[in-house]
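# Fold and geometry: a report
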Amino acid sequence: MSARTDWRTRFAATVAFIDHLLLQTDTLVSACLDIRPLNRPLGVLLGWLGRTWREHLAAARTRRHGPGRGVIAVVITRPSEETQTHD
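The structure contained in this document is the topic of the report that follows.

Reading the values: the criteria
- Residues numbered from 1 in each chain as written.
- Predicted model: local features only at pLDDT ≥ 70, side-chain atom pairs only at ≥ 80, totals over all residues.
- Heavy atoms only, no water.
- Phe/Tyr/Trp six-rings, centres within 6.5 Å; stacked < 30°, edge-to-face > 60°.
- Helix = DSSP H or I, 4+ residues; strand = E, 2+ residues; numbered from the N terminus.
- Buried < 20%, exposed > 50% of the residue type's maximum accessible area, 1.4 Å probe, protein only.
- Contact = heavy atoms within 4.5 Å.

### What to know about the packing of aromatic side chains
Under the counting rule described, the total for this entry stands at one aromatic pair. An angle of 80° between the planes, with centres 5.4 Å apart, marks the rings of Phe 17 and Trp 53 as edge-to-face. Here Trp 53 lies in helix 2 (residues 42–65) and Phe 17 lies in helix 1 (residues 7–33), a separation of 36 residues in the sequence. Phe 17 gets classed as buried once you look at its relative accessible area, which sits at 13%.

Structure follows, in structure tokens:
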């Protein structure tokens, strides 16, 4: 992933990431209000955040540039009958 992304792609990924975090926070609050304990180590949580951010950044890049980016179209034109190829 050495290609640099523009600000619109990063912004779209950030908005999708924040939306995802809000949904996960809602789930976490619901789980905390539940009687059963919820134990998550910090390393697992940070790993999940990193994977989720990379996933949303890749999805935003794909939505922006399309899944078929990098495809080269080749157009071959044939000489018309009116032009001479040799003198």
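### Side note on the side chain of Thr 52
Within the secondary structure, Thr 52 sits in helix 2. Its relative accessible area of 5% is what places Thr 52 among the buried residues. Discounting residues that sit within four places of it in the chain, Thr 52 has contacts with Phe 17 and His 20.

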